[in-house]
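The chain contents come next:
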Amino acid sequence: MIILFANKFRYIYPSTAPLLALLYCLHTRSLSPCVKPINWNTSHGFVRKSPLLSLLERCKSLLQLRQIQAQMVLTGLIDNSFAASRLVAFCALSESRALEYCTKMLYSIREPNVFSWNVTIRGFVESGELEGAVMLYKRMLRCGVLKPDNHTYPLLLKACSCPSMNCVGFTVLGHVLKFGFELDIFVHNASITMLLSYGDLEAACDVFNKGCVRDLVTWNAMITGCVRRGLANEAKQLYREMEAEKVKPNEITMIGIISSCSQLQDLNLGREFHRYIKEHGLELTIPLNNALMDMYVKCGDLLAARVLFNNMAHKTLVSWTTMVLGYARFGFLDVARELLYKIPEKSVVPWNAIISGCLQAKNSKEALALFHEMQALCKELPRTAQIRLVSSHQEVYEPCDDSFALVDALLADRNNLLEHHPTLCMEIGCGSGYVITSLALILGQEGCGVNYIATDINPHAVRVTRETLEAHGVGAELIVTDIASGLEERLAGLVDVMVVNPPYVPTPEDEVGVEGITSSWAGGENGRSVIDRILPVADRLMSEKGWLYMVTLTANNPSEICREMRKKGYASKIVVQRSTEEESLHIIKFWRDFDTEVNETDQSASGFIGSLLTQIPLFSYWRGTSSDNKC
């Protein structure tokens, strides 16, 4: 509970919070795995004995491939499923990757083997074509001849690790259980990684604890998942359990556990793990070096961080910015500025850090000069409300991680919003006005003719929002009311875009709706009391083409919210997921799509695994209604 409240209480320390948030957001990049080049070649004996296949292994272009393919057709070698799979592998994974040609070739093979399907799916996953990978899987099932194997599902689970694919991911996990692959170590690890990517730590722990197989990858996934959720003590406990089971950590393990030291601001523990890295000869990779620097900065040992920084042969933007943020955080603005000018890559992030540092040091003149300098050097600035122009009041919640994540979702969807041509946009619970102002700026002149309306139960929030709008030169109709009380008849079916950052923190029910700033975060049991009141109102107000963007917390059970909205005829996807030191946020986009309406499913099975089994009937839908359905 303390963790969930911490983010909402940051308004007490407005000058330091942006710096800490920037440090954390930058450092989480270290937790992402490095992408390595894919080797598609093989030394199979059949390949060595075949001149054409040996030549194919040395192929460098699609033109050369087509010439080899023509010879394979003439010689009849194309009818060999293994030989044909080598053509597919080249198109899917080589540097001359051609996925469209790859799928055409796959569908033309008389009897494609499982490897051909798997390598094509992998090509789509590695290229970021996640929906294409899922559609291939669907077609593979519809063929009715081949069944997926233990190599298929790690690829699919990786594809479904994108938060917007969570519904498909749970279905695929149901298929894993149906086909009995849950004991395969690679499938097991991929399942845990996917669940953690959704922020569903409880389900991941359930799979982890009940699993019969574990390896270093399993432990690393769980430790990293806890760190992303801000559960540093739990990550540390997992590490100790891993030690007790005689599993030796690697560089990925150390990145996670050192990040937990950063969150705990435990300098002694961080130094202990740094010594372990040196004594056991672990490679000091760039992400690991950045994690150590971040730990020392957050624990106040700038000298140790600077030594690591100076010894880096290759410094990334994360490395530079970590040091700039560190010096700015502790008031060494001259040193921070000196480093800032040395950064090879121009980015808004380090500039924002040092500007915040100047404001913290009450040097507004230098902050303004740096802002103008940033405008000149960084050509593309975000089309959002500027924090320095956002008004404030002690009883009004200031913009923080949840507000920023919601605006980022709108920014990412800007082109779709412009093509959507909304006529009425509405925010429920406007707070400081940061979100509704940013929405108006995101639509800009291209959104000419759009009307904006914002409500809040707090009269101070309405006044602050008006000041924020005026400071940015935009306008909106502002109304003091509870959600949309008194407006439902007037606005029924008219709202084309609705944005909501509701009170989502789990609290006692008697804190919901109280006067003052508490009402901005108090969400009652599971944080759902206000959310569950807003959703029916949104359903009544939104037009046929209406879009709803809503902030939720993992504790709110976003998947259940999506299922409830699906019953009302809404499709949904998670457009932004953001893990901070305190919480895991999900920005869900809903839109009307009556084809998604489903009947309520019997949830008689207990536990997470039981709930997955209820989704397996989708398998029959994916296979098609006819048993004779072929590719």
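The structure presented is a predicted model; accordingly, all values stated were derived computationally and were not measured. (Residues numbered from 1 in each chain as written. Predicted model: local features only at pLDDT ≥ 70, side-chain atom pairs only at ≥ 80, totals over all residues. Heavy atoms only, no water.)

### Quick look at helix H30 (residues 558-567)
Restricting attention to buried positions, one finds in H30 the residues Pro-558, Ser-559, Ile-561, Cys-562 and Met-565. The buried residues of H30 all sit within an arc of 160° when viewed along its axis, so they share a single face. Residue Gly-569 follows H30 closely and has a positive phi angle near 95°. (Buried < 20%, exposed > 50% of the residue type's maximum accessible area, 1.4 Å probe, protein only. Helix = DSSP H or I, 4+ residues; strand = E, 2+ residues; numbered from the N terminus. Arc of directions from axis to C-beta.)

### Digging into the side chain of Thr-468
Structurally, Thr-468 is set in helix H27 (residues 459-471). In this structure Thr-468 touches Leu-389, Val-390, Ser-391, Ser-432, Gly-433 and Thr-437, once residues within four positions along its chain are discounted. (Contact = heavy atoms within 4.5 Å.)

### Things to note about the pairing of strand E2 (residues 451-456)
Counting buried positions along E2 gives five out of six residues, so the element sits mostly inside the fold. Relative to E2, strand E1 (residues 424-428) is paired through five bridges, and the arrangement is parallel. The residue bridging Ile-428 from the neighbouring strand is Thr-455, located in E2. Both E2 and strand E3 (residues 477-480) contribute to a ladder of four bridges, which runs parallel. In the sheet register, Thr-455 faces E3, and the bridge partner there is Ile-479. Remark: the E2/H27/E3 crossover connection has right-handed handedness. (Pairing = 2+ DSSP bridges. Right-handed = clockwise from strand over helix to strand, strands pointing away.)

### Examining the state of the cysteines
Throughout the structure, instances matching the rule amount to zero disulfides. Sulfur of Cys-59: no disulfide; nearest cysteine sulfur belongs to Cys-91 and is 8.5 Å away. (Disulfide = S-S within 2.5 Å.)

### So, the confidence of the model for the chain
Per-residue confidence for the chain averages 81 on the pLDDT scale, and 83% of its residues sit at or above 70. Scored below 50 in pLDDT, residues 1-37 shows 91 contacts in the model against residues more than four places distant or in partner chains. Every residue in residues 596-631 scores below 50 in pLDDT, and together they form 61 contacts with partners more than four places removed in sequence or on other chains. (pLDDT = per-residue confidence, 0-100.)

### Some thoughts on the packing of aromatic side chains
Taken as a whole and judged by the stated rule, the model has 10 aromatic pairs. Ring geometry for Tyr-137 versus Tyr-153: centroids 5.8 Å apart, planes at 75°, classification edge-to-face. Of this pair, Tyr-137 sits in helix H9 (residues 130-143) while Tyr-153 sits in helix H10 (residues 152-159); the two residues are 16 residues apart in sequence, bridging distant segments of the chain. An identical accessibility class is assigned to Tyr-137 and Tyr-153; each is buried. Seen in terms of ring centroids, Tyr-239 and Phe-273 are 5.1 Å apart; in terms of plane orientation they differ by 90°. Their pairing is edge-to-face. Residue Tyr-239 is found in helix H15 (residues 232-244), and its partner Phe-273 is found in helix H17 (residues 267-279); the two are separated by 34 residues along the sequence. As far as burial versus exposure is concerned, Tyr-239 and Phe-273 are alike and both buried. Through a chain of ring-to-ring contacts, three or more aromatic side chains come together here, namely Tyr-137, Tyr-153, Phe-179 and Phe-181. (Phe/Tyr/Trp six-rings, centres within 6.5 Å; stacked < 30°, edge-to-face > 60°.)

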